[in-house]
Protein chains: 2
Amino acid sequence: MIVNIGLIGFGTVGSGVYDLIMQNACLIKERTGLDLRIKTVCDIRTEDVKKKVGSINVINDWRDVITDKEIDTVVELIGGISPAKSIILESLKNGKNVVTANKKLLAEDGDEIFNTAGMSNSKLGFEASVGGGMPCILSLKYGLVGTRINTVIGILNGTTNYILTKMEDEGLTFEMALKDAQDKGFAEADPTFDIEGFDAGHKIALLSMLAYNRKVDFKSISIDGITKINQLDIEYAKEMGYVIKLLGISKLIGDEVDIRVHPAMLPMDHPLASVRNEFNAVMYITDMTGPVILYGKGAGNHPTASAVVSDIVQIARDTVKDDKALTASIDSKYLSSEKRLFRFYMRLSTEDRPGILSKISGVLAKYDISIASVIQKEIHTKNPDSKNVPLVIMTHVACEDKMLRSIDEINNFNFVEGKVTFIKVEDSLSLGDEYE
Amino acid sequence: MIVNIGLIGFGTVGSGVYDLIMQNACLIKERTGLDLRIKTVCDIRTEDVKKKVGSINVINDWRDVITDKEIDTVVELIGGISPAKSIILESLKNGKNVVTANKKLLAEDGDEIFNTAGMSNSKLGFEASVGGGMPCILSLKYGLVGTRINTVIGILNGTTNYILTKMEDEGLTFEMALKDAQDKGFAEADPTFDIEGFDAGHKIALLSMLAYNRKVDFKSISIDGITKINQLDIEYAKEMGYVIKLLGISKLIGDEVDIRVHPAMLPMDHPLASVRNEFNAVMYITDMTGPVILYGKGAGNHPTASAVVSDIVQIARDTVKDDKALTASIDSKYLSSEKRLFRFYMRLSTEDRPGILSKISGVLAKYDISIASVIQKEIHTKNPDSKNVPLVIMTHVACEDKMLRSIDEINNFNFVEGKVTFIKVEDSLSLGDEYE
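J.: What is the right way to look at the overall build of chain A in this model?
T.: Scanning chain A from N- to C-terminus turns up 16 helices and 18 strands. Expressed along its principal axes, the backbone C-alpha trace of chain A runs to roughly 85 × 55 × 45 Å. Residue burial in chain A is summarised as follows: out of 436 residues, 62% are buried. Of all intrachain contacts in chain A linking residues separated by at least 6 positions in sequence, the fraction that spans at least 24 positions is 70%. Within the structure as shown, chain A displays about 16500 Å² of accessible surface, and the carbon and sulfur contribution to it stands at 49%. Charge separation in chain A, taken as the distance between the mean sites of 50 positive and 61 negative side-chain charges, equals 4 Å.

J.: Is there a simple way to explain the pairing of strand S9 (residues 242-253) of chain A in this structure?
T.: Every other side chain in a regular strand lies on the same face of the sheet, so the side chains alternate between the two faces. Residue and element names in this part refer to chain A. Extensive coverage of S9 is indicated by the burial of 12 of its 12 residues. Neither face of S9 is exposed, since Tyr 242, Ile 244, Leu 246, Gly 248, Ser 250 and Leu 252 on one face and Val 243, Lys 245, Leu 247, Ile 249, Lys 251 and Ile 253 on the opposite face are all buried. By the bridge criterion, 4 bridges tie strand S7 (residues 149-155) to S9 in an arrangement that is antiparallel. Bridge pairing links Ile 153 to Ile 249 in S9.

J.: Got a minute to help me understand the pattern of salt bridges in this structure?
T.: Should their charged atoms come close, side chains of opposite charge can pair. Following the criterion strictly, the structure yields 64 salt bridges over all chains and no others. With a closest N to O distance of 2.8 Å, Arg37(B) and Asp35(B) form a salt bridge. Across the pair Lys50(B) and Glu47(B) runs a salt bridge, and its minimum N-O distance is 3.8 Å. Pair noted here: Lys50(B) and Glu47(B) are both in helix H2 (residues 46-53), with a separation of 3 residues, about one helical turn. By relative accessible area, Lys50(B) is classed as partly exposed at 39%. Counted as one network, the salt bridges with shared partners bring together Asp258(A), Arg260(A), Arg340(B), Glu400(B) and Lys424(B).

J.: Teacher, can you tell me more about the sheet that holds strand S5 (residues 97-100) of chain A here?
T.: Paired through backbone hydrogen bonds, the strands of a sheet run either parallel or antiparallel to each other. Residue and element names in this part refer to chain A. Taken together, 6 strands build an open sheet; the order of strands is S3-S2-S1-S4-S5-S6 and the sheet is parallel. If you trace the sheet from one side to the other, it starts and ends with strand S3 (57-59) and strand S6 (124-125), each paired once. Against the sheet, helix H2 (residues 46-53) makes contact with strand S2 (35-42) and S3, and its axis sits at roughly 165° relative to S3, the strand it touches most. The strands that helix H13 (residues 301-315) touches are strand S1 (2-8), S2, strand S4 (73-76), S5 and S6; relative to S5, the one it contacts most, it runs at about 160°.

J.: Looking at this model, I keep getting lost on the packing of aromatic side chains. Mind explaining?
T.: For any pair of aromatic rings, geometry is given as the distance between the ring centres together with the angle between the planes. Counted under the stated rule, the structure contains 16 aromatic pairs over all chains. A ring pair is formed by Phe10(B) and Tyr18(B), whose centres lie 5.8 Å apart and whose planes are at 65°; its orientation type is edge-to-face. Like Tyr18(B), Phe10(B) is buried. Taking 4.7 Å as the distance between ring centres and 15° as the angle between the ring planes, the aromatic pair formed by Phe413(B) and Phe415(B) counts as stacked. On the accessibility criterion, Phe413(B) (22% relative accessible area) is partly exposed. Ring pairing ties together the aromatic residues Phe342(A), Phe344(A) and Phe422(A), which thus form one cluster. When the ring centre of Phe342(A) is taken as reference, the NZ or CZ atom of Lys424(A) above it lies at 4.9 Å.

J.: Explanation requested: the sheet that holds strand S1 (residues 2-8) of chain B in the structure shown.
T.: Residues and elements named next belong to chain B. Pairing in this open sheet of 6 strands is parallel, and the strands run S3-S2-S1-S4-S5-S6 from one edge to the other. Taken across any chain shown, the strands that pair with only one partner, and hence form the sheet edges, are strand S3 (57-59) and strand S6 (124-125). Sheet analysis places S1 next to strand S2 (residues 35-42), joined by 7 bridges and oriented parallel. Its bridge partner lying in S2, Val 3 is registered against Leu 36.

J.: Hey, could you run me through the environment of Glu168(B) in this one?
T.: As for its placement among the helices and strands, Glu168(B) is situated in helix H8 (residues 158-170). Spatially, the C-alpha atom of Glu168(B) lies 40 Å from that of Met22(B), the residues being 146 residues apart in sequence.

J.: Sorry, what's going on with helix H8 (residues 158-170) of chain A here?
T.: Residues and elements named next belong to chain A. Given a rise of 1.5 Å per residue, 13 residues ought to cover 18 Å, and the 18 Å separating the end C-alpha atoms of H8 matches this to within 8%. Burial within H8 is extensive, with 11 of its 13 residues counted as buried. Within the span of H8, buried status applies to Gly 158, Thr 159, Thr 160, Asn 161, Tyr 162, Ile 163, Leu 164, Thr 165, Lys 166, Met 167 and Glu 168. Buried-residue contacts for H8 involve S7, helix H9 (174-183), helix H10 (192-195), helix H12 (231-239), S9 and strand S11 (279-286). You can read the cap of H8 off the contacts: a side-chain oxygen lies 3.2 Å from the backbone nitrogen of Thr 159, and it is on Asn 157. Remark: Gly 171 follows H8 within two positions and exhibits a positive phi of approximately 65°.

J.: Would you explain the interface of chain B and chain A in this entry?
T.: When the parts of a complex come together, some accessible area is lost, and that lost area is often taken as the interface size. On the side of chain A, 135 residues touch chain B, which itself brings 135 residues to the contact. Both faces considered, chain B and chain A share a buried interface measuring about 12300 Å² in area, 56% of it formed by carbon and sulfur atoms. Summed over the shared surface of chain B and chain A, the number is 10 salt bridges. Between Arg340(B) and Asp258(A) there is a salt bridge; the shortest N-O distance is 3.2 Å. On the surface where chain B and chain A come into contact, there are 46 residue pairs in polar contact (both at pLDDT 80 or more).

J.: What exactly am I supposed to notice about the environment of Ser274(A) here?
T.: Residue and element names in this part refer to chain A. Mapped onto the elements of the fold, Ser 274 is located in the loop between strand S10 (256-267) and S11. With relative accessibility at 34%, the residue Ser 274 sits in the partly exposed group. Sequence separation between Ser 274 and Asp 43 is 231 residues, and the spatial gap between their C-alpha atoms is 39 Å.

J.: It is not clear to me how the relation of the copies chain B and chain A should be interpreted in this structure. Could you clarify?
T.: Relating one copy of the chain to the other requires a rotation about an axis plus a shift along that axis. Laying chain B over chain A is done by rotating through 180° and shifting 0.0 Å along the axis; what remains is an RMSD of 0.1 Å. The symmetry that links the two subunits is that of a two-fold axis. Closest approach to the rotation axis within chain B is made by the C-alpha atom of Leu294(B), at a distance of 2.4 Å. A high fraction, 99%, of the interface residues of chain B reappear at the interface in chain A, so the copies pair face to face through one surface.

Each value, and the rule that gives it
Counting from 1, residues in each chain are numbered in the order their sequence is written. Chains and ligands are labelled sequentially in the order written, the chains with letters from A and the ligands with numbers from 1. Only residues with pLDDT of at least 70 get local features here, since the model is predicted, and only at 80 or more are side-chain atom pairs given and counted; chain-wide, interface and lining totals rely on the full set of residues. By convention in this description, side-chain values take in all heavy atoms of the structure and omit both hydrogens and water. By the criteria applied, helices consist of DSSP H or I runs no shorter than four residues and strands consist of E runs no shorter than two, each listed in order from the N terminus. Relative accessibility under 20% of the residue-type maximum defines a buried residue, over 50% an exposed one, and the middle range a partly exposed one, all with a 1.4 Å probe and only protein chains included. Note on contacts: a residue pair qualifies if any of its non-hydrogen atoms lie within 4.5 Å across the two residues. The protein chains shown are the only cover counted for residues, whose accessible areas, like all others here, come from Shrake-Rupley with a 1.4 Å probe. Counting rule for charge: Lys and Arg are taken as positive, Asp and Glu as negative, and neither His nor the chain ends is counted. In plain terms, the charge of a residue is placed at NZ if it is Lys, CZ if Arg, CG if Asp and CD if Glu. A pair of strands is considered paired only if DSSP assigns at least 2 bridges between the two. Any Lys or Arg side-chain nitrogen found within 4 Å of a carboxyl oxygen on Asp or Glu counts as a salt bridge. Whenever a helix is involved, its axis is fitted only over the stretch in contact; in every case the axis is a line through C-alpha atoms, and angles between N-to-C directions fall within 0 to 180 degrees. Here a pair means two rings of Phe, Tyr or Trp (six-membered ring of Trp) with centres within 6.5 Å. Their orientation is stacked below 30 degrees between planes, edge-to-face above 60, and tilted elsewhere. In this analysis the charged atom, NZ for Lys or CZ for Arg, is taken to sit over a ring once it is within 6 Å of the ring centre and within 35 degrees of the ring normal. In this scheme, a helix's expected span is set at 1.5 Å multiplied by one less than its residue total. Think of a polar contact as two N or O atoms within 3.5 Å of one another; within protein, one of them needs to be a possible hydrogen donor and the other a possible acceptor, and neighboring residues in sequence only count if both atoms come from side chains. Throughout, the accessible surface (probe 1.4 Å) given up by two parts as they are put together, summed over both, is called the buried area. Alignment of the copies relies on least squares applied to C-alpha atoms, considering only residues that score at least 70 for pLDDT in both.

Nothing here speaks to function; it is geometry throughout.
Written out as C-alpha cells, the structure is:
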C-alpha cells in the first residue's frame, strides 16, 4: 500500500525525514508492506529545497498540501503555534492523518487539537515530540497499557544534560559549558527555552497526560532551570554521592498529580544518573512492572525522523502484516569465525619462574595477536593447593579463530595449570563498525 | 468492545495475567475502550484454580478453549513444545488471535507457527517472550520500524545477571551466588537452562529475526554460559575497569549475521554495565537513532502479565481510540505544596564565626526540618572577593512549603551572603510511595 506524505517544514527534522525515507523506504516496505512516498514538500525556502529533493514537488503554501486529495498523511515540522495549529486542525478536518513533533503547541495549547483529532476519523501521531529516537510515547500507550503508572521521571532535554555533564566532568562553569554546547550544536544561539526548563516542561506535560489519562494545564507545572547551578554544588553533590540532573518529574499520588521540572540530586547508582551528555532517558514506574526505562538520543535530525516515520507507519498499521519479518523466506547467512574480531581477556595459572611470559607472548605474536596489557602480581592465588600465580592478559582486537588456536597451544605448555580462561570484551557501542 | 480471553496455563504468568485484569480492567477500558474479560481458564489443576478465580469458567481440556466460538484471543502460558505448539497452531487455524510467552517454542521451532500466523487472518503476539515488562519487541517492530538495525545487545536473563551482581558486590563464589538466587526465587531448582545461556539464546534469536527481518536457525547460535566465571576474573575485570555480564549479542555485518551468547567484559561506563541484579536491558543500535536502550524487569508474574496484556490490546487495536486519554474530560487535580515532600540540599555562604550553624539549625528545627548531614570545611570559597565560607546542609524528608519558609528566614540573617541555593533530592525510585 502506498502512503502519500505531505511534508510541511524542511528544517533539521524535515530534511531528516527526507533522508530516512530515501535511505530506508525499501526496508520499510519489506517489513510492513507500506510504500512511503513524499509527494510534496512545503517550505518557504522553495528554491533551496528544490535543489535537495530532486523530482519531489516543492511548494510554499501549506493550504495546497492539506487540500491535496492524494495526500494521506500531513507531517507538520515547522514548530511554534502559528500557522502550525491551523495546519494541524485543518488537516484533521480534511480527513488527513497528522504527524507532528510540535511539543510546545500540544503541551500549551493542545486541547482543541486533541478534541478535533478525537472527534475525527483521522489519527494524530506525536512520538517525535518527546525523546527523539526512543519510543517513549509508544511504550506508554501500548507497552504499559495494562498498568497503572504512578511516576514518570525523565532527563528530557539534551542541551541541559550536556551542559551539566561538562560541568561535572571537566569542572567548567555554567557559562563555559553553555558556550561549548553552542559550539557543538547542542544548544541554540538563544538557549533560554532549554536552560530555563520550558522544553522539559512541555515534554513532561505530554507524558503526564498519556500516563494518567487526564488533562494537564501546562501553566500549573512548576518549572526551574539550571542557570543557578554552581560549580560548587556539583562538587558537593559528588562528594555526597550524587549527581545533579535537570529532571522532569511527574507523580500521581492518590487522585492528585505533582508535575515539575527542576535540577535534582540523583544518587550515583540511580539508573538515570549514568545518562550523560546529550542523551535522554525516561523512567516509568507502574504497579505491575516496577521501573521501565528508555534511553536514547533525545533530539537530532535522524533520531527525530525515526519517530516521525514510526508514527506514519503506526497510523497506517491496519494494513501492516505484523509477522511479515518472520514469514519472510530469507534465511540468515552466518558470519564465519575468521571474521569475528574481539579483544580478549585471558587468565591462566602458571609457575612463578622466568621466561614464561615470553613463551606465552611468543605464541600470541605468532597468531598476530597483540597484547594491550598484562597483570602479573607477586601474590599467590587464593587456591592453597597451588604454588602457581595468576597471569592476566588483555589483547588488542584479534580474530577469534586465531585466538582459539593460540589458546590451544598455550594450554599445552607444561607450566600452565589447567586451562586458560578467556572472556570476550564488548567495549564499543558498535563493534560492527570495524567491518564496514 | 469486549475481548473474550481464553487463558491456558495458570502458573506464575497465568495467575499474573488474572491479577492484572482483575485490578486494572477499568483503567484499560478507560484508556482504550476495550473491555478485557477472561472467559475461561484452562489448567490441569482445576480445583486449585477454581478457588482463586471465583466465577470464571475453569476447565482442563485446551481443545474446549480453542473451539469456543465466543473466545477472541487465546493466551498460551504453559510453555514447552507440546502441547503448546498444537494449542497455538490450532488456535490460529480456528481464527483465534494468539498471545504467548513461549520463547523456547518460537526460537527453536517457530517456522511453522510464524508461517501459519502469516497465512491466517489471525494475529500472534509474543512481547512476553522477551524482557518481561519492558516493551522491547514493540519498540523493535514499531518504534524503530524506519531504521536499519545493525546491532542488538542484551542482558536478557535475570538469573545470571543476579548471580554475577552478587559475585561482584559481595565476593561470593558462583556456587554461593547461585544458592542465594535459588533462595530468593530468582533461579530454578534446576538452573541449567538459565546459567548455561539457553534462555538468553532463545531471546536473542527472536530479537534478531525481528531486527533483521530474516530467519535465524537457533542451532547456529554459539552459546556459552556463566559457570566458568571465577571470582578472580571478576576481580581482575574490576581492576581493569570492566564488569562481566552475560550478553546476548547479535550483529548484522554486511549481509551476514553474528549471533552469540557469552560472558563479556563491559567497560564500567557502558550503559549496560549498570544493569544490576535481576534487571534486564536491551540495546539496539540503528543507522538513524544511534543506541536506544530499554531497561526493566525481565521476568516475574506481573511484569510478564503486562507484556501479555499489551499484546492483547495491540491485537484488538483497530478499535482503539488512540487519543481517548487526551480527549478525556478529566481535569487533573494538583498536589498542594504542603503535601510535597523532599529531601533538600542547601548551600549558603556565611561568615566564619561561632553560633551561625546553631542559628540556622534553629530555624530548620522550628519548621520540623531535620538535618541529615552538614559539610562545613576550613576552606574559603573560590570567590576571592568574599571572606565567607560555604556551608552545605542535607535535610531529611521535609515539606516543601515549610522548607521555603525556613529558607526565607535564613536569607534574612545578616551573616548570610546572597541567597541560599537549594536543590531537591530525587533518591528513591518511587518517592510517591511515602504518600500511600
